[in-house]
Amino acid sequence: MIKLNSKNSLLIVFGTLALALILFFPKIFLANNIYYVSKDINKLYAHYISLKEENKFLAQQLEDMKFKNQIEDSLIIYSIEEAYDKNNN
């Protein structure tokens, strides 16, 4: 049996502490890394969602501009044709 004097007690305590750190450090390290990576993923996902919504908005604006351009072009062509018909008659 081990004699428990102050020097042996300190060695046992430090040995136990070192063993506990060796066993639990990888788990703590991995848990922290998983936490920070998931925070980054959530932030990137929020940016992705907002960019997706902005893309929908911009696509709708583009459609509106195309439609407006087609209407204006048809009105201009119609007015040019009317002016041409009036000049020829």
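Check the entry above for the structure.
Calculation criteria
- Residues numbered from 1 in each chain as written.
- Predicted model: local features only at pLDDT ≥ 70, side-chain atom pairs only at ≥ 80, totals over all residues.
- Heavy atoms only, no water.
- Helix = DSSP H or I, 4+ residues; strand = E, 2+ residues; numbered from the N terminus.
- Rg over C-alpha atoms; globule rule 2.2 N^0.38 Å.
- Buried < 20%, exposed > 50% of the residue type's maximum accessible area, 1.4 Å probe, protein only.
- Areas by Shrake-Rupley, 256 points an atom, 1.4 Å probe, with all protein chains shown as cover.
- Lys, Arg positive; Asp, Glu negative; His and termini not counted.
- Charge placed at Lys NZ, Arg CZ, Asp CG, Glu CD.
- Phe/Tyr/Trp six-rings, centres within 6.5 Å; stacked < 30°, edge-to-face > 60°.
- Patch = residues over 30% accessible without salt bridge, like charges linked within 9 Å, V, L, I, M, F, W, Y side chains within 5 Å.
- Salt bridge = Lys/Arg side-chain N within 4 Å of Asp/Glu carboxyl O.

(A) Broad picture of the overall build of the chain. Counting secondary structure elements, the chain contains one helix and zero strands. Taking 2.2 N^0.38 as the reference for a compact globule, 89 residues should give roughly 12 Å; the C-alpha atoms of the chain span a radius of gyration of 38 Å, well beyond that estimate. In terms of principal-axis extent, the alpha carbons of the chain reach across some 125 × 15 × 10 Å. Within the chain, the proportion of its 89 residues that are buried is 0%. For the chain, the computed accessible surface area is about 8800 Å², with 67% contributed by carbon and sulfur atoms. Taken as two groups, the 10 positive and 10 negative side-chain charges of the chain have centres that lie 33 Å from each other.

(B) Spotlight on the packing of aromatic side chains. Enumeration according to the criterion identifies three aromatic pairs in this entry. The interplanar angle of 25° and the centroid separation of 6.1 Å between the aromatic rings of F25 and F29 together place this pair among those described as stacked. Highlighted residues: F25 and F29, both in helix 1 (residues 6-88), separated by four residues, approximately one helical turn. Overall, F25 belongs to the exposed group, its relative accessible area being 53%. With relative accessibility at 45%, the residue F29 sits in the partly exposed group. Aromatic pair Y45 and Y48: ring centres 6.1 Å apart, planes at 35°, arrangement tilted. Here Y45 and its partner Y48 are both found in helix 1, three residues apart, which amounts to about one turn of the helix.

(C) Up close: the environment of K27. Within the secondary structure layout, K27 lies in helix 1. Taking the C-alpha atoms as reference points, K27 and T16, separated by eleven residues in sequence, lie 17 Å from one another.

(D) The arrangement of a nonpolar patch on the surface in detail. There is a patch of nonpolar side chains on the surface, built from L10, V13, F14, L17 and L21 and spanning about 510 Å² of accessible area. Considering the arrangement of structural elements, one finds V13 in helix 1. On the accessibility criterion, V13 (52% relative accessible area) is exposed.

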